[in-house]
Amino acid sequence: EAGELADRLEVKLYVVGGIVRDLLLGIDNLDLDLVVEGNGLAFAKALARAQRGQVKVHERFGTARVTLADGFKVDVATARAEYYEYPTALPTVEQGSVKKDLYRRDFTINTLAVRLNRRQFGELIDFFGGERDLKGRTIRVLHSLSFVEDPTRVFRAIRFAVRFDFVLSRETRALIQGVVKMDLLRRLSKHRLTDELQLVLSEREPGKAIALMDELEVLACLHPDLELTPRLRTLLKATEEALDWYRLLFLDRPMESWLVYLMAMLQVLPDQAVGEVLKRIELSARQEAAVRAGRFGGHRIFRELGRRPAVSPAAVYRALSGTSDETLVFLMAKSKSEHVRRQLSAYVTTYQRMRPALKGDDLKRMGLKPGPLYRRILSKLLEARLNGVVNNEEDERALVR
Ligand code: CTP
């Protein structure tokens, strides 16, 4: 339908970028990026009208986002029409403006386009050897200034290489090393560095991404002493296992797994360097607290949970309550004691969510005056529950009396 609409508006329409790449790789991708040669904004508005969607226009960039009734999002960009001074141009010249648009992109595999106008529907457009590089499983920049123009592309190269199991072309690798030597990564704003770090550590195999960052000396942009040592390698493996364990247990609970990998990296740095890394990036207060607790809070918790004979469930609860799940998973990865891990596991799977059956209202109905006493009673009840002293509401009532 979009193709028909483009024909009617007499614009050339292409689907471009990641979705074409992923289509050829047989991977799902739900971000639809369209490029229009001609009036992209008019096209986006017409598309929204025809599909009963919403359109949000950014005049200045010549881009628009159309949100269809079912929530599906389509980004529409206008290819700058420098070539339109030739009204009766030849096909190659007509394609000039989309070519320019594609030339601005990061890697050849992201420059593939497919024509959507009806007559040429499905025609693959490949100006820069994207198909060859997809087949050759290679990440390759389009020109030598690509990383200088946008150093975040270094992280993108690593992400794509790890995600698809591709290699970096020799030149691309050399250019990354150049950017690293020029210290351009250290000049990225905190915000951008953090975003990129989060993305790279949120790929499916962050361990591999960290290994590639180490190889390319990209880790140094976080801290000059950060290296993939054998110790870090072991810890990353344990982190991955702990995260798998958590995911299997709670398929639906959100978890910022990238923070757990960050904790692992910080673990192999000296205490003082940790503060320096945290100054280089920008975490929310919650995130930073979680990371610090993972990095520095282990001693106290391990000492408590490591006691023999084993401390009571209520004591485990006291030691761990308020600890974020990210921190708990990291402690699980970090701990070398089976005994400690068992208690961490019991906390995560059981204790953490336990509550007394009685609520404040129940206490009121039992004739107790509301006040600070409630808190103390409820916390005693929880303790009794955790330790198996009471097992149901009746027991709890009896205990309160
Ligand atoms: N792009 C770029 N340089 C950047 C960011 C993006 O050249 N720093 C280009 C890429 O060519 C990409 C397009 O903009 O194809 C869209 O970006 P994005 O949605 O981030 O990329 P995807 O390729 O869809 O990657 P992902 O699957 O990780 O979202």
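Scroll up a little and you will see the structure.
Residues numbered from 1 in each chain as written. Predicted model: local features only at pLDDT ≥ 70, side-chain atom pairs only at ≥ 80, totals over all residues. Heavy atoms only, no water.

A.B. asks: Which residues make up the pattern of salt bridges, and what are the values?
C.D. replies: According to the stated counting rule, one finds 29 salt bridges in the structure shown. One salt bridge connects Glu338 with Arg342, and the closest N-O pair in it is separated by 3.9 Å. Placement of the pair is Glu338 and Arg342 together in helix 19 (residues 338–349), with a separation of four residues, close to one helical turn. (Salt bridge = Lys/Arg side-chain N within 4 Å of Asp/Glu carboxyl O. Helix = DSSP H or I, 4+ residues; strand = E, 2+ residues; numbered from the N terminus.)

A.B. asks: Go over the sheet that holds strand 5 (residues 73–79) with me, naming the residues and quoting the values.
C.D. replies: Spatially, the seven strands line up as an open sheet ordered 3-4-5-2-1-6-7, and their pairing is mixed. In this open sheet, the two edge strands, each paired with only one partner strand, are strand 3 (54–58) and strand 7 (124–125). Two strands pair when backbone bridges link them, and strand 4 (residues 63–67) and strand 5 are joined in this way by five bridges, in the antiparallel orientation. Along strand 5, the bridge assignment pairs Ala64 with Val76. Those strands touched by helix 2 (residues 18–25) are strand 1 (12–16), strand 2 (32–37), strand 6 (113–115) and strand 7, and its axis lies near 60° from that of strand 1. (Pairing = 2+ DSSP bridges. Contact = heavy atoms within 4.5 Å. Axes fitted to C-alpha atoms, helices over the stretch in contact; angles between N-to-C directions.)

A.B. asks: Please give an account of the site of the ligand that cites residues and values.
C.D. replies: For the ligand, the set of nearby residues contains 13 residues, the closest of which are Arg21, Asp106, Asp150, Arg159 and Arg163. A distance of 2.8 Å separates an oxygen atom of the ligand from a polar atom in the side chain of Arg21. Between the ligand and the protein, one listed contact pairs an oxygen atom with a side-chain N or O atom of Arg163 at 2.9 Å. Burial of the ligand by the protein amounts to 72% of the accessible area it has alone, namely 570 Å². (Near = heavy atom within 4 Å. Polar contact = N/O pair within 3.5 Å; in protein donor to acceptor, adjacent residues only side chain to side chain. Areas by Shrake-Rupley, 256 points an atom, 1.4 Å probe, with all protein chains shown as cover.)

A.B. asks: Residues and numbers for the nonpolar core, please.
C.D. replies: Core analysis: the largest hydrophobic core is formed by 112 residues, its most contacted members being Phe43, Ile158, Val218 and Leu262. With 11 residues, the next largest nonpolar core counts Ala77, Val98, Ala113 and Leu142 among its residues. (Core = buried A, V, L, I, M, F, W, Y, C linked by side-chain atoms within 4.5 Å. Buried < 20%, exposed > 50% of the residue type's maximum accessible area, 1.4 Å probe, protein only.)

A.B. asks: Describe the pairing of strand 1, and please don't skip the residues or the numbers.
C.D. replies: Moving residue by residue along a regular strand, the side chains alternate between the two faces of the sheet. Among the five residues that make up strand 1, five are buried, leaving the element largely enclosed by the rest of the structure. Neither face of strand 1 is exposed, since Lys12, Tyr14 and Val16 on one face and Leu13 and Val15 on the opposite face are all buried. Across four bridges, the pairing between strand 1 and strand 2 is antiparallel. When the bridges of strand 2 are listed, Tyr14 appears paired with Val35. Sheet topology places strand 1 next to strand 6; three bridges connect them, and they run antiparallel.

A.B. asks: Any details on a negative patch on the surface? Residues and values, ideally.
C.D. replies: There is a patch of like negative charges on the surface, built from Glu217, Asp225, Glu227 and Glu276. In this structure, Glu217 sits in the loop between helix 11 (206–215) and helix 12 (230–249). Of the residues examined, Glu217 reaches a relative accessible area of 52% and is grouped as exposed. (Patch = residues over 30% accessible without salt bridge, like charges linked within 9 Å, V, L, I, M, F, W, Y side chains within 5 Å. Lys, Arg positive; Asp, Glu negative; His and termini not counted. Charge placed at Lys NZ, Arg CZ, Asp CG, Glu CD.)

A.B. asks: Give a detailed account of helix 21 (residues 372–386), specifying residues and quantitative values.
C.D. replies: With 15 residues, helix 21 should cover 21 Å at 1.5 Å per step; its first-to-last C-alpha distance of 22 Å lies within 8% of that length. For helix 21, the secondary structure elements touched by its buried residues are helix 17 (313–320), helix 20 (360–365) and helix 22 (393–400). Positive phi shows up at Gly388, right after helix 21, with a value of about 80°. (Expected span 1.5 Å × (residues − 1).)

A.B. asks: Describe the packing of helix 18 (residues 325–334) against helix 19, naming the residues involved and giving the relevant values.
C.D. replies: Relative to each other, helix 18 and helix 19 sit at 160°, their axes nearing to 9 Å. Classified by the angle between their axes, helix 18 and helix 19 sit roughly antiparallel to one another. At the point where helix 18 passes helix 19, the crossing takes the left-handed sense. Contact residues: helix 18 offers Leu328, Leu331 and Met332, while helix 19 offers Arg341, Leu344, Ser345, Tyr347 and Val348. The class makeup of the residues in the contact of helix 18 with helix 19 is six nonpolar, one polar and one charged. (Parallel < 35°, antiparallel > 145°, perpendicular 65-115°, else oblique. Left-handed = near helix turned anticlockwise from the far one by under 90°. Nonpolar A, V, L, I, M, F, W, Y, C, P; charged D, E, K, R; others polar.)

Honestly, that's just the spatial picture; any functional story needs more than this.
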